[in-house]
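# Observations on the three-dimensional arrangement
Spelled out, the chains give:
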Amino acid sequence: MDLSGIPIIDVHTHPFDPAKDDADFRTHFIMSLWSPPASVYTNTIVVRKLIRELAKLIGAPLGSSQDEIADLRNKLYKSDSKAYTQRLMRSTNIKTMLVDTGFPHEEFTGYSVDLKVFSDLVQCKIYPIFRMDTSIFKIFKSMPATFEEAFDITEKDFEKAIKFDKVIAFKSIIAYQTGLEIFKHTDKEASEAYNRFKKNKNTADEKILRDYFCVMGLRKAKENNLPMQFHTGLGSAPDLDLRVANPILMQYLLADEEIRDIKVILTHSGYPFTTETGYMTSIYPNVYCDVTAINSYYGIAGKKAILELFEFAPANRIMFGTDGALIPETYWFGYTQGVKVLGDALEEMVTSDWITAGEAIEFAEKILYKNAEEIYKIPGNK
Ligand SMILES: [Zn+2]
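This write-up is about the structure you can find in this document. Only a predicted model underlies this, so the values are computations on that prediction, with no experimental measurement involved.

### Digging into the overall build of the protein chain
Assigned secondary structure in the protein chain consists of 17 helices and 8 strands. Compactness check: the protein chain gives a C-alpha radius of gyration of 21 Å against a globular reference of 21 Å for 382 residues, within 12% of the reference. Here the C-alpha coordinates of the protein chain stretch approximately 65 × 50 × 40 Å along the principal axes. For the protein chain, with 382 residues in total, the buried portion stands at 45%. Long-range pairs, those at least 24 residues apart, make up 74% of the contacts in the protein chain between residues at least 6 apart in sequence.

### Quick word on helix α16 (residues 329-351)
When the terminal C-alpha atoms of α16 are compared, their 32 Å separation across 23 residues agrees well with the 33 Å that a helix rising 1.5 Å per residue should span. Tyr-335 marks the point of greatest bend in α16, at about 30°. Directly after α16, the chain includes Asp-353, whose backbone phi takes a positive value near 65°.

### Topic: the nonpolar core
Among the nonpolar cores identified, the biggest contains 104 residues, and Leu-98, Ala-169, Met-228, Leu-342, Ala-364 and Ile-367 are the most heavily contacted of them. Among the elements that line this core, the one with the most residues is α16, at 9 residues. Beyond its immediate chain neighbours, meaning those up to four positions away, Ile-367 contacts Ala-315, Ile-318, Met-319, Phe-320 and Leu-342. Core analysis: the next-biggest nonpolar cluster, separate from the first, contains 6 residues, Phe-16, Phe-25, Ala-325 and Ile-327 among them.

### Some remarks on the pairing of strand β1 (residues 8-13)
Among the 6 residues that make up β1, 6 are buried, leaving the element largely enclosed by the rest of the structure. One ladder, built from 4 bridges, connects β1 with strand β2 (residues 94-100); its direction is parallel. Within β2, the residue paired with Ile-9 across the bridge is Thr-96.

### Details of unusual backbone geometry
A cis amide bond, omega -5°, links Phe-103 with the succeeding residue Pro-104. With respect to the element layout, Pro-104 can be found in the loop between β2 and α5 (106-109). Cis geometry is adopted by the peptide bond preceding Pro-272, which originates at Tyr-271 and carries an omega value of 10°. Relative to the elements of secondary structure, Pro-272 occurs in the loop between β6 (264-267) and α13 (274-283). Notably, Ala-293 is not glycine yet its phi reads approximately 75°, a positive angle.

### Observations regarding the environment of Ser-282
Relative to the elements of secondary structure, Ser-282 occurs in helix α13. Separated by 38 residues in sequence, Ser-282 and Phe-320 place their C-alpha atoms 18 Å apart. Those residues in contact with Ser-282 that lie beyond four places of it in its chain are Phe-312, Ala-313 and Pro-314.

### Quick notes on the sheet that holds strand β5 (residues 228-231)
The 8 strands lie next to each other as β1-β2-β3-β4-β5-β6-β7-β8, forming an open sheet whose pairing is parallel. Since the sheet does not close on itself, it has two edges, and those belong to β1 and β8 (318-319), each with one partner. Here strand β4 (residues 169-172) pairs with β5 via 3 bridges, running parallel. Residue pairing for β5: Ser-172 is matched across the bridge by Phe-230. In the packing of helix α17 (residues 357-375) onto the sheet, contacts are made with β1, β7 (287-290) and β8, and the angle to β1 comes to roughly 65°.

### Focus: the environment of Ile-168
Within the secondary structure layout, Ile-168 lies in the loop between α8 (147-163) and β4. Residue Ile-168 is classed as buried on the basis of its 20 C-beta neighbours within 10 Å. Remark: the alpha-carbon pair of Ile-168 and Ile-129, spanning 39 residues in sequence, is separated by 5.6 Å. Among all residues touching Ile-168, those that are not within four sequence positions of it are Leu-98, Tyr-127, Pro-128, Ile-129 and Tyr-376.

### Some words on the packing of helix α15 (residues 301-309) against α16
Closest axis-to-axis distance for the α15/α16 pair is 9 Å, and the angle between their directions is 50°. By the criterion of interaxial angle, the relationship of α15 to α16 is oblique. Helix-helix and strand crossings are classified by hand; for α15 and α16 the assignment is right-handed. From α15, Gly-302, Lys-303, Ile-306 and Leu-307 reach across to α16, where they touch Gly-338, Val-341, Leu-342, Asp-344, Ala-345 and Glu-348.

### Thoughts on the environment of Leu-254
Mapped onto the secondary structure, Leu-254 falls in helix α12 (residues 251-255). Leu-254 gets classed as buried once you count the C-beta atoms within 10 Å, which come to 21. A sequence separation of 32 residues divides Leu-254 from Asn-286, and the C-alpha atoms of the two residues are 8.7 Å apart. If we ignore the near neighbours within four places in the chain, the residues touching Leu-254 are Ile-259, Arg-260, Val-264, Tyr-284 and Val-287.

### Focus: the packing of α16 against α17
Viewed as axis vectors pointing N to C, α16 and α17 meet at an angle of 150°, and their least axial separation amounts to 9 Å. As judged from the angle between their axes, α16 and α17 are roughly antiparallel. Here the hand of the crossing between α16 and α17 comes out right-handed. Listed contacts from α17 to Leu-342, Leu-346, Glu-347, Met-349 and Val-350 of α16 are Ala-357, Ala-360, Phe-363, Ala-364 and Ile-367. Of the residues assigned to the contact of α16 with α17, the class counts are 9 nonpolar, no polar and 1 charged.

Rules behind the numbers
- Residues numbered from 1 in each chain as written.
- Predicted model: local features only at pLDDT ≥ 70, side-chain atom pairs only at ≥ 80, totals over all residues.
- Helix = DSSP H or I, 4+ residues; strand = E, 2+ residues; numbered from the N terminus.
- Rg over C-alpha atoms; globule rule 2.2 N^0.38 Å.
- Buried ≥ 20, exposed ≤ 12 C-beta atoms within 10 Å, placed from the backbone.
- Contact = placed C-beta atoms within 7 Å.
- Expected span 1.5 Å × (residues − 1).
- Bend = angle between axes of the 7 residues up to and from the residue.
- Core = buried A, V, L, I, M, F, W, Y, C linked by C-beta atoms within 7 Å.
- Pairing = 2+ DSSP bridges.
- Axes fitted to C-alpha atoms, helices over the stretch in contact; angles between N-to-C directions.
- Parallel < 35°, antiparallel > 145°, perpendicular 65-115°, else oblique.
- Left-handed = near helix turned anticlockwise from the far one by under 90°.
- Nonpolar A, V, L, I, M, F, W, Y, C, P; charged D, E, K, R; others polar.

What follows is the structure, given as structure tokens:
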């Protein structure tokens, strides 16, 4: 099923600066913080497919080896990264990107990317997402004298993101730190945990504090009628503990009376916990998911993931995107192959007579841009 004519909103991605990256571009398709050896990154089906598709686009001579195709790509990218990036983007139907400005970020990588420059580079409309962990990171790094001070710093950062940066959503990566089983705590409990933690760093108090600030972010999102994304499922190894990244762990928090009406998006559909994710979007009134990261990085798993989501998920709760970062291919591969994988999954549902061909198109339009327009309140995309 060919969906390439449908416009795309990428609901979760990152800005990049071509001047900042000099690793072999193929390594960026392995989700690891350790640089993978060539014997790994040259032998995955994602990289094999990527190289084959790139060879067609850049016109590599027939019979070129993987390294020869990579060399040609590097030459083109180095000589004019803007022209190369735009060539890739123009071969897709990407119109709008929602970018997580928490990576790259001064606090983590030593630099941030100017969004105007990035928008000009990729020729898309760009809307920022506020990764609230950049603020929490500051607190844990500097440990201000009192809990009240720490609270004020966070509060000011949240307000700045909303009023000054005009963010379209909040995002939490608490899954990477203390996991998704988030509990609500009172100001008094958090303040006591802060004082204990300041004297003696320990994981129990760290969890209380991270949970507390996360709920504070949810409340801020609610006050300002913004959705909040949560990283769920696989992430950069070995930082992420997959055992605490299953979105099902959020079931009690999301059922809480105060939290229930905040729009929460389970990014990456909790992969590999996609059945659980789909189930949650069908139970909770305000829970959504996106197939970011599954696209671009997990290749053939995308079809299985989409079919698993559809075991329970209503079509108006699933969104599309890449989690692209660092190099243009991580976006381009998702916009080309990810859209094909979505078409394959929908076609399978048509062939087995679960949906009609008309419904497949209706679902594809919802997933590729209509749901995002509604959930993130993005002005017309066509
Ligand atoms: Zn991301």
